[in-house]
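Each chain, written out:
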Amino acid sequence: MLGIYVHIPFCRRKCGYCDFNSSYRDERDIRRYADRLVREIRQCRYGGLGVDTIFIGGGTPSFIGGEYIEEIMCAIRDTFTVAGDAEISIEVNPDSVSPGKLDIYKRAGINRVSMGVQSFADKNLRTLGRIHSAEKAEEAFCMIRSAGFENINIDLMFSYPYQTTGDWERTLEKAVSLDPGHISAYSLIIEENTPFYKKYKNYQTNEVKDRIMYRKANEILAGAGYGKYEISNFAKEGRQCRHNVGYWKRYDYLGFGLSAHSLFNNVRFANTDDFEAYMGENTVCYEERLSRSDIIGEYMFLGLRMTEGIAFADFEEEFGESVQSLFSDVIGKYKALGLLEYNGERLWLTEKGIDVSNTVFADFLL
């Protein structure tokens, strides 16, 4: 159950709300980066292990030439044993995906495409600083499907300045009409180190409106056959993102590229976020062996993100103790408040609990 994440830190233009490690670079820097990335993969000390999910994210992986993606995939296949039924995803943006790149992705074995749309309303796209139009997003989706990709995700965003509930409903309805296998719907968090923060630092999220939008997503997507399997993720039967499920279930994963993080045998480590430093040979800038308390805390708050929640038997097998013995007071407190529910087998967040999930999660950190 090993996942691989590959970070492509390049974009045509960085969105104002984005705090990921990404920037515009010229072809020379892209070539340098791809060479260094391939070298990092081939020199990995865990080479030879089996891999069942791969996720190429960013940034905007579709911004760079398809040949770079093919080189990266070749390096992964040469270094690891990739399962025949592996889920292999790539993130794309509507403005930079093309039939030629999609053909290369298929040839490289990629079988899942995740497209950042955010909205199907042009006025909202302008607010977010996106460089594609709603029409372009629809055209790109049809292009991806015509290229033979059946497993497609659309990323959508809500609860940002000037967006109305009507805008959000129309975006959801348009997304559903395209019939992707998976839809992610995220509430915008305005991070301090972004241009959005400077522009909208006095903007106060309307919590009531935010929850109305979230429930509208639940309603429209459920009505169209999308099951919610995680707080912000909805999928048709069999289209859940296996790679992300691996994160929430704490499976081991290796990250390659600038600022990429890894978790292996309960050791968390990360690459430098400095571009020129990454070009050197020693890319790891942080490493920590997690304590038992750290592991249990992560297990609880990540597991509770999923609608299936925490299986009591799985927890006891993993830690040799029951969830109830460690967290009886916390569970009792939040059950009484209607935020947690459980039966003889599982513990999960209620819909009311999802609304204040971060508060609930904090109490499970030992």
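Definitions and limits used
Residues numbered from 1 in each chain as written. Predicted model: local features only at pLDDT ≥ 70, side-chain atom pairs only at ≥ 80, totals over all residues. Heavy atoms only, no water. Helix = DSSP H or I, 4+ residues; strand = E, 2+ residues; numbered from the N terminus. Rg over C-alpha atoms; globule rule 2.2 N^0.38 Å. Buried < 20%, exposed > 50% of the residue type's maximum accessible area, 1.4 Å probe, protein only. Areas by Shrake-Rupley, 256 points an atom, 1.4 Å probe, with all protein chains shown as cover. Lys, Arg positive; Asp, Glu negative; His and termini not counted. Charge placed at Lys NZ, Arg CZ, Asp CG, Glu CD. Salt bridge = Lys/Arg side-chain N within 4 Å of Asp/Glu carboxyl O. Polar contact = N/O pair within 3.5 Å; in protein donor to acceptor, adjacent residues only side chain to side chain. Contact = heavy atoms within 4.5 Å. Pairing = 2+ DSSP bridges. Axes fitted to C-alpha atoms, helices over the stretch in contact; angles between N-to-C directions. Parallel < 35°, antiparallel > 145°, perpendicular 65-115°, else oblique. Left-handed = near helix turned anticlockwise from the far one by under 90°. Nonpolar A, V, L, I, M, F, W, Y, C, P; charged D, E, K, R; others polar.

Q: What's the story with the overall build of the chain in this structure? I'm lost.
A: When helices and strands are tallied, the chain shows 15 helices and 15 strands. For the chain, the C-alpha radius of gyration of 21 Å lies close to 21 Å, the compact-globule estimate for 366 residues. Referenced to the eigenvectors of the C-alpha coordinate spread, the extents of the chain come out at roughly 60 × 50 × 40 Å. Residue burial in the chain is summarised as follows: out of 366 residues, 54% are buried. Entry remark: accessible area of the chain is about 16400 Å², with carbon and sulfur atoms responsible for 48%. Each charge sign in the chain was given a centre, from 44 positive and 54 negative side chains, and these centres are 4 Å apart.

Q: Honestly, the side chain of glutamate 40 in this entry has me stumped. Any pointers?
A: Within the secondary structure, glutamate 40 sits in helix H1 (residues 27–42). Buried within the structure, glutamate 40 lacks any salt-bridge partner; its nearest side chain of opposite charge belongs to arginine 36, at an N-O separation of 5.5 Å. A polar contact is formed between the side chain of glutamate 40 and the side chain of tyrosine 278, at a distance of 2.5 Å. Aside from chain neighbours lying at most four places away, what touches glutamate 40 is Gly255, Phe256, Gly257, Asn271, Tyr278 and Thr283.

Q: Explanation requested: the pairing of strand E7 (residues 227–230) in the structure shown.
A: Regular strands place side chains that alternate from one sheet face to the opposite one. Pairing geometry for E7 and strand E8 (residues 233–235), over three bridges, is antiparallel. Bridging across to E8, glutamate 230 finds its partner in asparagine 233. Connecting E7 to the next strand, E8, in antiparallel fashion are two residues.

Q: Help me understand the side chain of threonine 79 in this model?
A: Of note, threonine 79 is situated in helix H2 (residues 66–79). Among residues more than four places away in sequence, those in contact with threonine 79 are Ile41, Arg42, Gly47 and Gly48.

Q: I would appreciate a short explanation of the packing of helix H6 (residues 165–178) against helix H8 (residues 207–223) in the present structure.
A: To characterise two packed helices, one gives the angle between the axes of the helices and the distance between these axes. Two elements in contact, H6 and H8, have axes whose closest approach is 10 Å; the angle formed by their N-to-C orientations is 25 degrees. Classified by the interaxial angle, the pair formed by H6 and H8 is roughly parallel. The two elements H6 and H8 cross, and the hand of that crossing is right-handed. When H6 is examined against H8, the residues Thr165, Trp168, Glu169, Leu172, Glu173 and Val176 are found in contact with a partner set consisting of Lys209, Ile212, Met213, Lys216, Ala217, Ile220 and Leu221. Across the contact of H6 with H8, the residue classes break down as eight nonpolar, one polar and four charged.

Q: Explanation requested: the pairing of strand E4 (residues 112–118) in the structure shown.
A: The buried fraction of E4 is high, at seven of seven residues. Burial along E4 is two-sided: the residues Arg112, Ser114, Gly116 and Gln118 and Val113, Met115 and Val117 are all buried. The sheet contact formed by strand E3 (residues 81–92) and E4 spans four bridges and is parallel. Bridged to valine 92 within E4 is methionine 115. Pairing of E4 with strand E5 (residues 151–158) involves six bridges; the strand directions are parallel.

Q: Quick question: what am I supposed to make of the pattern of salt bridges here?
A: Side-chain pairs of opposite charge can arise where the charged atoms are in close proximity. According to the stated counting rule, one finds 27 salt bridges in the structure shown. Here arginine 211 makes a salt bridge to aspartate 210, at a shortest N to O gap of 2.7 Å. Aspartate 210 matches arginine 211 in its accessibility class, with the two residues each being buried. Salt-bridge contacts for glutamate 219 lead to lysine 216; the nearest nitrogen and oxygen are separated by 3.4 Å. With a gap of three residues between them, glutamate 219 and lysine 216 both fall in helix H8, about one helical turn apart. Through salt bridges with shared partners, a single ionic network connects Arg25, Arg28, Asp29, Arg32 and Glu276.

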